[in-house]
Amino acid sequence: MEYNNEHLLPGQLGHFFLLLAFVASILAFVAYSASVNAKQQKDKDSWARIGRWAFITHGIGVFSLIATVFYIMINQYYEYDYVWQHVSSDLDFSYIFSAFWEGQEGSFMLWMFWHVVLGYILIRTANSWEAPVLSVIALVQFMIGTMIIGLYFYFGDDFIKIGSNPLLLTRDVRDSPYFMNPDYLQVIKGNGLNPLLQNYWMTIHPPTLFLGFASTVVPFAYAVAGLWTKKHKEWLKPVLPWALFSGAILGLGILMGGAWAYEALSFGGYWAWDPVENMSLVPWIVMIAGIHTAVVARSTGYSIKSTYLFFILSFCLILYSTFLTRSGVLGETSVHAFTEMGLEWQLVIFIAIFFIPSIILLIARRKEIPTKEQEESVYSREFWMFIGALVLLFSSILISVTTSIPVYNKIATWIGGLAGVEDISVWLRNPPLDVVAHYNRYQIWIGVLVAILSSASLFLRYREKEELPAKQAQLFIKHIGFVAIASSILSFFIAYFGEIHAWQYRMLLWSGVFAIILNLDYIISVLKGNVKISGSAVSHMGFGIMLIGVIFSGVNKDYISKGFMQAEMIEGMDDTESKRNILLPKGLPVRMGDYTVTYIDSELEGVTREFEVNYKRFNEQMKIEEEFNLYPNILYNKLLTKIEASNPDTKHYLHKDIFTHVFGLPMSDVDPEEAKKMEDSLTYKPHIIQQGDTIFTSKNYVIFKGFNQEVKNEEYKAQPDDIPVAADLEIRTLESDSVWNAEPIYLVRDNFGLSIDDEVKELGLKFRFSNINPKEREVTIAIAETKPRRDYIVLQAILFPGINLVWLGSLMALFGMVMAMFQRREKRRLAKVAE
C-alpha cells in the first residue's frame, strides 16, 4: 500500500547520520588504540590524526541525528513512532526539549551529545593523553550507539533485538486498523508529553544530570589510560580538575532533582530515598571519595590504587544506575524508572565490557603501581582523608545493597527457575517498609564522621611523621579544642530553641556546627583570608550548613493542616493521612494553626486545574497581620477522567517555607462513574399544574408563568417538523429575594413526545416538562432535587523550617569544588609558563 503525505526523507537522513556516528565511533576507537600501542612516534601521530577526525565525524553524526529528531518532533510528523509517543498538537513548544528526552532513545542521544562535547574539549586540551582517553570515550560512544541502532538478528526461530531506533515508522511498530487507510496521517494524533513532565524543571534538570553522568567518563578514561600506558603518577595531574568538574556538575544535577521534587511534586520533601535517586547519588559519593584520594596521591604518592578504583567504580556505577532505571527491574519500587524495552541484557553487557576489563587491568598492574613503603602516619592529613574516603565508600555500599534488592530477587528467581525450584519465596528479600528510617539509621553517622574528618584533617599536614611536632600538636589541639567547645555551646542552644530532642540528631547538629566554625577558622587563621585557595574549606563548610538544614527541615517538619475540619470523612484515607489533612469547603474560612485558610475558587485550563487558597494570619487584636494566596494545582489525564498528579505551591520565607498541595477532591470530580451514579440516582416528582400555579420544594418555590414558543435551551437541537414548547418557570428561595429561571422543553417529533430537562445548579434543582394536556390547560412538571454539589478540597500544608539552609549549603559545597577546579587549572597554567 502506498501511503499519502508521509515525510520519509528526514528519517532516511537520520538513519544515515546514526550509521555515520556508529561507524565513526568504531574507527575512532580503533585508530586511537593503535596510536597508544604504536612504537614509533610517527605512527602514533598518524593514528591519532585518524582517530581525531573519526571522533569529530562521529560528533557531526550525533549532532545531525539529534537535529533530525528535533525537526520531525517540531513538525509533528506522526508517521515516526517516537514523535507519536511524545508529541501532540496541543503540546507547548517550550516542552519539545522535554519530550525529546522523555523517552529512552532521547535520553541516550542526550548522553551521547554530552560525551561528544567533552570529547571535543579533550581533543583541544588533553595533549599526550588524547589518544588513550579518547579511545575509551569512543568505545563508550559505540556501546551507547548500540542502544539506539535498532538492529534485529534472527537466531533460530527467535530474533535478537539490538537497540531501539528513534526513527522507526509508526506503521512498522504499531498494529492498528488505522494503517489500512492510505491517509492515516489525517486521523492519528500524538500521545503527547506526560502531564507530570510538563514542567520547566523537566527542561533544565535532565540535561544537567546527564552532563553529570557523562562527565564521569573522563576520570574513568584517565584511570584506564593511566593503567594502559603505565603512567601511574602522571595521569593524576590532568584528571583532578575533571574529577572536580564531574563532582560539581553531577552534584548540581542531583540537587536540581531534589529542588524539582520539592517545588513541583507532592510527596512533601526533596529526597525520598527512591531507588533511582539513590543510584544517581552513589556514583557521586564514590566520585567525591576519588577526588580526595586523588589529592592525597598527588601530594604524597599514597592512595594511587584507591584513586584508580574509585574513578573506575564511579563510572561503572553510572552504568549500573542506567541498567536499574532502564531495564524495568525497578518498575514496582520507583516512580522514576523507565518501562522495560528489552534492553536489559544489552545493558548488562555494557556494564561488563567496562567493569571487568578495568578491574582485571587494575589487578594486573597492581605491582607496578607505586606505593610507599612506610604506612601513613595517623597524625598526617592523608591518613584521615583516606579514612574519610573509606567512610564514603561504606555509605555507597549501604545504599547500593538495599537499592539492589529487586536485582537480587530477579537473579534468585532466574536461578530458581533454572534449578526447577517450585518455591523460591525463602530466597527473596523484601525492601524495607520505611525506607527513610532505614537509610537515616546509618547515614546520620556517616554524615557525622564526614563532617568531623573533612574539617579536622585540614589542620594536619601531609607527610607528617609518627609524632606531631610539639608546635603543630599545640596548634591542632588549640584549634580543634576551641572549636569543639564553641560548637557544643552553640549547638546546645540551637537544639534547645529549635526543639531538637533526639541525641542522634543533636550529634549530627553538633557536627554541622563544628564543620562550619572549624572551616571558617581555617580560612581565617591558616589561609589568612585568601578565599581564592579556600575551595575545600568552602565545600566542607557548605556540607555543615546543609546538615543543619536537613535536621531542621526534616526533624521539625510540621503538618500544619490540622484543625476542626479534619478530613476523616474522605473515603480511602487512613488515620495518619486524615490527621495531616484538612477539609476546606469552598468559600468557608477554616482555622488552621496560626492561619485562617479559605478555598476561594478553581479554574480548569487544559488538563490543569488550579486552586486559589487564601491564607490570613491575625494578631491579638484580630487585625490581619499577613495575607497571601497560594495556587496549587492538579493534573488530569487527557480525558479528564483521572488525576495524574498534584503539584504544590509554596510560600517562601528566609527561615521557612509553607508547602501546600491538594490531597483530595470530591469523588464526583475524580471519578466520572461516581458523577454518573449521582445523576442516575435522581428521583423526579411530577406536579400537574396550570398557568400561575406554584410548586413548593424543600427550600424553594416554583411559579409556572406560562409557555414560551421561542425555545432557548442549549440542549435542544432543532430538527425539521419539530413542535417545541418551553415551560417558563420562575424559581425563588424561601430565604432571599433572588430569582432564577428555567425553561424545560416538551416537543413533538415524529408523533412522539420528548422532554429536554433544564437545571438550576445553584439550587440543586432539575426540571422536566413531561406532558401537556391542552383540553384541561394543564401541564406536568417533574422536579428532582439533587444534593448540592459538595465543592471542597482536602488540603495538606507542611511547614519546612530551615529549608533554605539545605539549598545554601548544597550550593556552597558544589561551588567550593568549582573553586578548587579553577585553582588546579591555574596551577597547571602557571607551571606551563614556568617551563
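Values in this document were obtained by computation on a predicted structure and should not be read as measured data.

Glancing now at the pairing of strand 15 (residues 700–708). Pairing analysis gives 3 bridges linking strand 14 (residues 694–696) to strand 15, with the strands arranged antiparallel. Each residue of the ladder has a partner; that of Ile 695, found in strand 15, is Val 702. Linkage of strand 14 to strand 15, two consecutive antiparallel strands, is achieved through a turn of 3 residues. Strand direction decides the pairing type here: strand 15 and strand 16 (residues 723–733), joined by 8 bridges, are antiparallel. Directly across from Phe 707, in strand 16, lies its bridge partner Ala 727.

Our focus in this paragraph is the nonpolar core. Core analysis: the biggest nonpolar cluster contains 157 residues, and Met 73, Trp 111, Leu 122, Val 133, Tyr 222, Trp 235 and Phe 350 have the highest contact counts within it. In terms of residue count, the dominant contributor to this core is helix 10 (residues 236–264) (16 residues). Listed in part, the 22 residues of the second largest apolar core include Met 592, Val 597, Ile 634 and Tyr 636.

Moving on, we get to the pattern of salt bridges. Overall, the coordinates contain 11 salt bridges when judged by the stated rule. Between Asp 601 and Lys 586 there is a salt bridge, with the nearest N and O atoms lying 3.0 Å from each other. Of this pair, Asp 601 sits in strand 6 (residues 595–605) while Lys 586 sits in the loop between strand 4 (582–585) and strand 5 (590–592), placing them 15 residues apart in sequence. Residue class for Asp 601 comes out partly exposed when judged on its relative accessible area of 34%. Relative accessible area serves as the criterion here: at 39%, Lys 586 is assigned to the partly exposed category. The salt bridge partner of Arg 617 is Glu 626, with a shortest N-O separation of 3.0 Å. Given a relative accessible area of 24%, Arg 617 falls into the partly exposed group. For Glu 626, a relative accessible area of 14% puts it in the buried group.

Another aspect to go through is a nonpolar patch on the surface. Taken together, the side chains of Trp 345, Val 348, Tyr 408, Ile 411, Trp 414, Ile 415, Leu 418, Val 421, Val 426, Trp 427 and Leu 428 define a hydrophobic patch exposed on the protein surface, amounting to about 1,100 Å² of accessible area. For the nonpolar patch, the secondary structure elements donating two or more residues are helix 13 (344–364) and helix 15 (405–419). If one sorts the elements of the nonpolar patch by residue count, helix 15 sits on top with 5 residues. Structurally, the position occupied by Trp 345 is in helix 13.

Bringing helix 15 into the picture now. Between the first and last C-alpha of helix 15 there are 21 Å, a value that for 15 residues agrees with the 21 Å anticipated at 1.5 Å per step. Buried residues of helix 15: Ile 405, Pro 406, Val 407, Asn 409, Ala 412 and Gly 416, and no others. Contacts made by the buried residues of helix 15 are with helix 12 (304–326) and helix 14 (381–403). Phi for Gly 420, located one or two positions after helix 15, is positive at around 75°.

Moving on, we come to the packing of helix 11 (residues 275–300) against helix 14. At a minimum axis separation of 9 Å, helix 11 and helix 14 run at an interaxial angle of 160°. One way to sum up the angle between helix 11 and helix 14 is to call them roughly antiparallel. As helix 11 packs across helix 14, the resulting crossing turns out to be left-handed. Grouping the amino acids of the contact of helix 11 with helix 14 by side-chain chemistry returns 15 nonpolar, 8 polar and 1 charged.

Here we take up unusual backbone geometry. Residues other than glycine seldom take positive phi values, yet Asn 5 does so here, at roughly 65°. Relative to the helices and strands, Asn 5 resides in the segment before helix 1 (9–37). Phi is positive for Lys 528, which is not a glycine, with a value near 55°. Here Lys 528 shows up in the loop between helix 18 (503–526) and helix 19 (535–555).

Conventions we followed
Residues numbered from 1 in each chain as written. Predicted model: local features only at pLDDT ≥ 70, side-chain atom pairs only at ≥ 80, totals over all residues. Heavy atoms only, no water. Pairing = 2+ DSSP bridges. Helix = DSSP H or I, 4+ residues; strand = E, 2+ residues; numbered from the N terminus. Core = buried A, V, L, I, M, F, W, Y, C linked by side-chain atoms within 4.5 Å. Buried < 20%, exposed > 50% of the residue type's maximum accessible area, 1.4 Å probe, protein only. Salt bridge = Lys/Arg side-chain N within 4 Å of Asp/Glu carboxyl O. Patch = residues over 30% accessible without salt bridge, like charges linked within 9 Å, V, L, I, M, F, W, Y side chains within 5 Å. Areas by Shrake-Rupley, 256 points an atom, 1.4 Å probe, with all protein chains shown as cover. Expected span 1.5 Å × (residues − 1). Contact = heavy atoms within 4.5 Å. Axes fitted to C-alpha atoms, helices over the stretch in contact; angles between N-to-C directions. Parallel < 35°, antiparallel > 145°, perpendicular 65-115°, else oblique. Left-handed = near helix turned anticlockwise from the far one by under 90°. Nonpolar A, V, L, I, M, F, W, Y, C, P; charged D, E, K, R; others polar.

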